[in-house]
Amino acid sequence: MATLSAAARREEARYAYDAFLKECPTSQLLARISDKWVGLIVSALGKAEGGSMRYSDLGRKIPGVSQKMLTQTLRSLERDGLVTRTVTATVPVRVDYRLTELGAGLGALLYSVKLWAEDHFDEVSAHRAAYDEAAGTA
């Protein structure tokens, strides 16, 4: 096995995924999936009864999300292959969203993060208050 020079290792590293590198496409994916609305939408779809939700149900489940932001986020999730969109020709038109297999894997992770945030908010809030108090007296 040949030993690589430092320059060759750097060149090889450019082609390996490393989200710590600004140029790495995985850092863009991390930015997308760490978006607040992505986390809430994917979590909601992951726990949806029957596995899918209508657009209007998602809007009600996630108070505060605008129609524009919900639409943009769902489109980006569909583009990334995390969500499928099914249109049923009725009056009015029915649009359902469901996680793909790829999206379900992400959904399990994001739902765990959501639960962690709910379980630890009081503790984090107490730390924030203590920090702010100490910073204010310093």
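This text goes with the structure placed above it.
Residues numbered from 1 in each chain as written. Predicted model: local features only at pLDDT ≥ 70, side-chain atom pairs only at ≥ 80, totals over all residues. Heavy atoms only, no water.

Student: Quick one: what's the story with the packing of aromatic side chains, residue by residue and with numbers?
Tutor: Inspection of the entire model under this criterion finds zero aromatic pairs. Over the ring of Tyr-111 we find Lys-47, and its NZ or CZ is 4.5 Å from the ring centre. (Phe/Tyr/Trp six-rings, centres within 6.5 Å; stacked < 30°, edge-to-face > 60°. Lys NZ or Arg CZ within 6 Å of the ring centre and 35° of its normal.)

Student: Outline the sheet that holds strand β2 (residues 83–88), supporting the account with residue identities and numerical values.
Tutor: Across the sheet, which stays open at both edges, the three strands sit in the order β1-β3-β2 with antiparallel pairing between neighbours. At either end of the open sheet lies a strand with only one pairing partner, and these are β1 (52–54) and β2. Averaged over all pairs of adjacent strands, the angle between strand axes in this sheet comes to 25°, irrespective of strand direction. Inspection of the sheet shows β2 paired to strand β3 (residues 94–99) by six bridges, in the antiparallel sense. Paired with Val-87 across the two strands is Val-95, which belongs to β3. (Pairing = 2+ DSSP bridges. Helix = DSSP H or I, 4+ residues; strand = E, 2+ residues; numbered from the N terminus. Axes fitted to C-alpha atoms, helices over the stretch in contact; angles between N-to-C directions.)

Student: Tell me about the packing of helix α3 (residues 36–46) against helix α5 (residues 67–79), residues and numbers included.
Tutor: As a packed pair, α3 and α5 sit with axes 10 Å apart at the nearest point and diverge in direction by 75°. Accordingly, the angle class assigned to the pair α3 and α5 is roughly perpendicular. Each of Trp-37, Val-38, Ile-41 and Val-42 in α3 lies in contact with α5, whose residues at this interface are Met-69, Leu-70, Thr-73, Leu-74 and Leu-77. For the contact of α3 with α5, the per-class residue count stands at eight nonpolar, one polar and no charged. (Parallel < 35°, antiparallel > 145°, perpendicular 65-115°, else oblique. Contact = heavy atoms within 4.5 Å. Nonpolar A, V, L, I, M, F, W, Y, C, P; charged D, E, K, R; others polar.)

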